[in-house]
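Structural features, examined
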Amino acid sequence: MAAIIVHQEKIPDLSRVVELCPFGAIEINDNRVTVSSACRMCKICIKKGPVGAFELVESPQVSVDKNAWRGVAVYIDQTEGKIHPVSLELVGKACDLAGKIGQPVFALLAGHHMTALAEELRHYGIDSIFVYDHPQLEHFRIEPYTAVFENFINRCKPSTVLVGGTAIGRSLAPRVAARFRTGLTADCTFLDMQPNTDLDQIRPAFGGNIMAHIRTPRHRPQFATVRYKIFSAPQRRAEPGGVVTAITPDEKMLVSSIETLSSHRKEPVKNIEDADVLVVAGQGIQRRDNIELLQQLADRLGGMVGGTRPVIEAGWLEPRRQIGLSGRTVKPKLIITCGVSGSVQFVAGMSGAEKIIAINIDPDASIFKIAHTAMIGDVCEIIPELLNKLAKGGNAHV
Amino acid sequence: MRILVCIKQVPGTTQVDIDEKTGVLKRDGVESKINPYDLYAIETALRLKEHWPEATTHALTMGPPQAEQSLREALMMGIDEVILISDRAFAGSDVLATAYTLSQAIQAIGDIGIIICGQQTTDGDTAQVGPEIAEFLNIPHATHISAIPECQACSVTVQVDLPATEEIIRLPLPCLLSVNKGIHTPRLPSFKRKKETRDVPVRSMTLADLPDTNPDHYGLNGSPTNVVRIFPPEHHVTRETWEGSSGELADRLYTYLRDAKFLA
């Protein structure tokens, strides 16, 4: 086993080393420093403690033959014949990563009636696409999908496997990773490739306040999941490329103890807490009609409209759209406040947003104290101008 | 039959800072609490028990001795037995090693009908341990469960709430369920239960109690992933002010939204 051992004689001040451990694992018992089971092996005590006081002893570790595993594989997440965009983002990233080590990119596509999707995937630079097409794969069920994934990995022997952090991906990736007794790093925000094919994975820990750089140095394949919109989608290439291999799953792979009794599309009921983008109406929008303009903007951003308490009390928006201490707490990727002054109670409900753009005509508005981008101007003019540009730009995003 | 909930003790706040000079995590005033998502799992277990009168409820956590506090809370909510699995050999466990340790403990406990996990934790946020436990135990699992409409003698019917669809599926027992926040409103720990459970012991397990006692399969050695380093995120609190005509401001905003890929 691996353990941290303590060299008592190298510790000049017992009480100070207790502070070293962020997890409270360093204890003093009978004037001796000990490490408890709270230890997470973060090794901070070794790096930051008195020189030589803490030492990590490990039993010899066996590594797999890394040369037996080559390439970067992507799981193509599809529901009802539609590819989740995160999968294409991962294909783009896989091409970058594989390019650095001169290895191929694989893709796994499972479902029913997949021919057209497989053909479409040929436009994104994948070397080899494996398609498992069967009526029993029409709906996601954990056991058959895991079996198919296992079969795919045994065929391709990829060094790295990337899976989108979708509802399906977060259920499937850990199951497959555990089947191969290998490492999985969830919700990576940065990926890079070492020349020895070790994947550099960076992810937020502790609710995003700390970043952890993680590697899987002795196991293959190395699994990583990534959420939607972390990486950019690759350009679709005019000319198709790569090879499509159709595999008929055998009956054993399709066995499932889970019975799907019903499945239906649901009415999308979305709460403002779930929105990645929020456009917020404050009293500065002046007229109820302007809510409609904010709604148009929110639609173009794939987001929702929220409001401050006065706007809700005026009846311009329904109560479940209120942001603030007496309403909802939101943490979107982007929030655009329109004519919001920024009361303490409002700010408490939205200051965790990743990007805050505030539009207000008053340069002294308190919202500007917390905004990343302060736009001093008349929201009733800026929004219509912006909507014009958006209309002209069409599908301007690349 | 046993209904078992896996719970975790997490820091009471997500505001954990790193001392820029020393690189040490600052944990001043950081209290621990039960992972909020696990309260829904506990509530689900307590309600499921009503369907199987002979069933007992159990809460399991892997962690340092301090994690007993969270287990006591589970007792106060009405869980029958709480189990702490703790050993220095588990130090440095990643997702796989954690799932393996828990699956070993679950095998040692035995006679499990349903394992219930919360949706995710607030500190690791990975939502991956549940499915890995199910794989180690070779039992089916389902995640994103928003309701449990029916329980039979040897199966359970659940509603799976996916972003675009809602499915009703039936799983045989034993199985593992990850329940969504909001499946039931968790009850508050009761004062009466607190008094009643004051002397209920926390069952403690160590490596020696597990079917597999090889220490190399646990902790840092049993963890395929290694943390190379931890560091503070770069803060982009660059504040900027844009001024100009409404047209100019709209232009800048348009360019930003396009470049930052916000245009749907």
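Worth saying up front: this structure is predicted, and the values here are computed from it rather than measured. (Residues numbered from 1 in each chain as written. Chains lettered and ligands numbered in written order. Predicted model: local features only at pLDDT ≥ 70, side-chain atom pairs only at ≥ 80, totals over all residues.)

1. A closer look at the overall build of chain B
- A tally of helices and strands in chain B yields 6 helices and 15 strands.
- Counting the 264 residues in chain B, one finds 49% classified as buried. (Helix = DSSP H or I, 4+ residues; strand = E, 2+ residues; numbered from the N terminus. Buried ≥ 20, exposed ≤ 12 C-beta atoms within 10 Å, placed from the backbone.)

2. Structural notes on the overall build of chain A
- What chain A contains, in helices and strands, is 11 helices and 22 strands.
- Based on the C-alpha atoms only, the size of chain A along its principal axes is roughly 70 × 65 × 45 Å.
- Sorting the 398 residues of chain A into buried and exposed places 46% on the buried side.
- Looking at chain A alone, contacts between residues at least 24 apart form 63% of all its contacts between residues at least 6 apart. (Contact = placed C-beta atoms within 7 Å.)

3. Things to note about the sheet that holds strand 21 (residues 355–360) of chain A
- Here we have 6 strands laid out as an open sheet, ordered 19(A)-18(A)-20(A)-21(A)-22(A)-15(B), and parallel in their pairing. With partners counted over all chains shown, the strands left at the sheet margins are strand 19 (304–307) of chain A together with strand 15 (240–242) of chain B, one partner each. Strand-to-strand twist across the sheet, computed as the mean angle between neighbouring axes with direction ignored, equals 20°. (Pairing = 2+ DSSP bridges. Axes fitted to C-alpha atoms, helices over the stretch in contact; angles between N-to-C directions.)

4. Concerning the packing of helix 6 (residues 169–179) of chain A against helix 4 (residues 129–137) of chain B
- Look at helix 6 of chain A against helix 4 of chain B: their axes get within 8 Å of each other, and the N-to-C directions meet at 40°. Taken together, the axes of helix 6 of chain A and helix 4 of chain B lie oblique to each other. For the pair helix 6 of chain A and helix 4 of chain B, the sense of crossing is right-handed. When helix 6 of chain A is examined against helix 4 of chain B, the residues S171, P174, R175, A178 and R179 of chain A are found in contact with a partner set consisting of P131, E132, A134, E135 and F136 of chain B.
- When its residues are assigned to classes, the contact of helix 6 of chain A with helix 4 of chain B shows 5 nonpolar, 1 polar and 4 charged. (Parallel < 35°, antiparallel > 145°, perpendicular 65-115°, else oblique. Left-handed = near helix turned anticlockwise from the far one by under 90°. Nonpolar A, V, L, I, M, F, W, Y, C, P; charged D, E, K, R; others polar.)

5. What to know about the nonpolar core
- One finds A107, L108 and L109 of chain A together with I42 and I116 of chain B to be the most contacted residues of the largest nonpolar core, which totals 140 residues.
- There are two domains that each give this core at least three residues, and those are domain 1 (3–57) and domain 2 (66–254) of chain A.
- Setting aside residues no more than four positions away along its own chain, I116 of chain B makes contact with I3, V5, A41, T44, A45, L177 and V179 of chain B.
- Counting 49 residues, the second-largest nonpolar core is a separate cluster that includes I323 and F346 of chain A together with L249 and L257 of chain B. (Core = buried A, V, L, I, M, F, W, Y, C linked by C-beta atoms within 7 Å. Domains from an automatic or database assignment.)

6. Remarks on the interface of chain A and chain B
- With 85 residues of chain A in contact, the opposing surface of chain B contributes 85 residues.
- Looking at side-chain class alone, the side of chain A that touches chain B contains 39 nonpolar, 26 polar and 20 charged residues.
- Here strand 17 (residues 259–265) of chain A runs beside strand 11 (residues 165–172) of chain B; their pairing, made up of 6 bridges, is antiparallel. Bridging across to strand 11 of chain B, H264 of chain A finds its partner in E166 of chain B.

7. Quick look at the sheet that holds strand 5 (residues 72–76) of chain A
All names here are of chain A.
- What the 7 strands build is an open sheet, ordered 11-15-10-5-8-9-16; its pairing is parallel. The open sheet is flanked by strand 11 (184–185) and strand 16 (243–247), the only strands paired with a single partner.
- With 5 bridges connecting them, strand 9 (residues 128–133) and strand 16 associate as parallel partners. If you follow V131 over to strand 16, its bridge partner there is A246.
- Lying on the sheet, helix 3 (residues 85–101) is in contact with strand 5, strand 8 (105–111), strand 10 (160–164) and strand 15 (222–226); it crosses strand 5 at an angle near 175°.

8. With respect to helix 5 (residues 142–156) of chain A
- Taking 1.5 Å of rise per residue, 15 residues should cover 21 Å, and helix 5 of chain A covers 21 Å from first to last C-alpha, within 8% of that figure.
- Of the positions making up helix 5 of chain A, those classed as buried are I142, P144, Y145, T146, A147, V148, F149, F152, I153 and C156 of chain A.
- Buried residues belonging to helix 5 of chain A abut strand 5, strand 8, strand 9, helix 6 and helix 7 (251–254) of chain A together with strand 9 (141–151) of chain B.
- Of the residues flanking the end of helix 5 of chain A, it is K157 of chain A, one or two places downstream, whose phi is positive at about 50°. (Expected span 1.5 Å × (residues − 1).)

9. What about the packing of helix 11 (residues 379–393) of chain A against helix 6 (residues 246–259) of chain B?
- Between helix 11 of chain A and helix 6 of chain B, the shortest axis-to-axis distance is 8 Å and the interhelical angle comes to 50°. As summarised for this structure, helix 11 of chain A and helix 6 of chain B are arranged oblique, according to the angle between their axes. Every pair of crossing elements has a handedness; the one defined by helix 11 of chain A and helix 6 of chain B is right-handed. Within the contact between the two elements, helix 11 of chain A uses E381, I382, E385, L386, K389 and L390 of chain A and helix 6 of chain B uses S246, G247, L249, A250, L253 and Y254 of chain B.

10. As for the pairing of strand 2 (residues 26–29) of chain A
All names here are of chain A.
- Relative to strand 3 (residues 32–35), strand 2 is paired through 4 bridges, and the arrangement is antiparallel. When the bridges of strand 3 are listed, E27 appears paired with T34.
- Following strand 2, the chain reverses through 2 residues before pairing antiparallel with strand 3; D30 in that reversal takes a positive phi of roughly 50°.

11. Describing helix 8 (residues 290–300) of chain A
Residues and elements named next belong to chain A.
- Among the residues making up helix 8, those that are buried are L293, L294, L297, A298 and R300. With its buried residues spanning 160° around the axis, helix 8 presents them on a single face.
- Tucked into the core, helix 8 has its buried residues touching strand 18 (277–281), strand 19, strand 20 (334–338) and helix 11.
- Two residues or fewer past helix 8, G302 is found with a positive phi of approximately 65°. (Arc of directions from axis to C-beta.)

12. As for the pairing of strand 6 (residues 56–62) of chain B
All names here are of chain B.
- Counting buried positions along strand 6 gives 6 out of 7 residues, so the element sits mostly inside the fold.
- In this sheet, strand 6 lies alongside strand 1 (residues 2–6) in parallel orientation, the contact comprising 5 bridges. Paired with C6 across the strands is L60, a residue of strand 6.
- Taken together, the 5 bridges between strand 6 and strand 7 (residues 81–85) define a ladder with parallel strand orientation. Within the sheet, the bridge partner assigned to T61 lies in strand 7 and is L84.
- A crossover links strand 6 with its parallel partner strand 7, the connecting element being helix 2 (residues 68–77), and its sense is right-handed. (Right-handed = clockwise from strand over helix to strand, strands pointing away.)

13. Details of unusual backbone geometry
- Residues R220 of chain A and P221 of chain A are joined by a peptide bond in cis, for which omega reads -10°.
- Positionally, P221 of chain A belongs in the loop between strand 14 (210–215) and strand 15.
- Cis geometry marks the peptide bond from L173 of chain B to P174 of chain B, where omega comes out at -5°.
- Its location among the elements puts P174 of chain B in the loop between strand 11 and strand 12 (175–179).
- The phi dihedral of K157 of chain A is positive, around 50°, even though this residue is not glycine.
- Mapping K157 of chain A onto the fold places it in the loop between helix 5 and strand 10.
- Although it is not a glycine, N138 of chain B adopts a positive phi angle of roughly 55°.
- Of note, N138 of chain B is situated in the loop between helix 4 and strand 9.
- Note on N138 of chain B: 9 C-beta atoms within 10 Å, which makes it exposed.

14. Some remarks on the confidence of the model for chain B
- Mean pLDDT over chain B: 89, with 89% of residues reaching 70 or higher.
- On the interface metric, ipTM, the complex scores 0.87, and its pTM is 0.81. (pLDDT = per-residue confidence, 0-100.)

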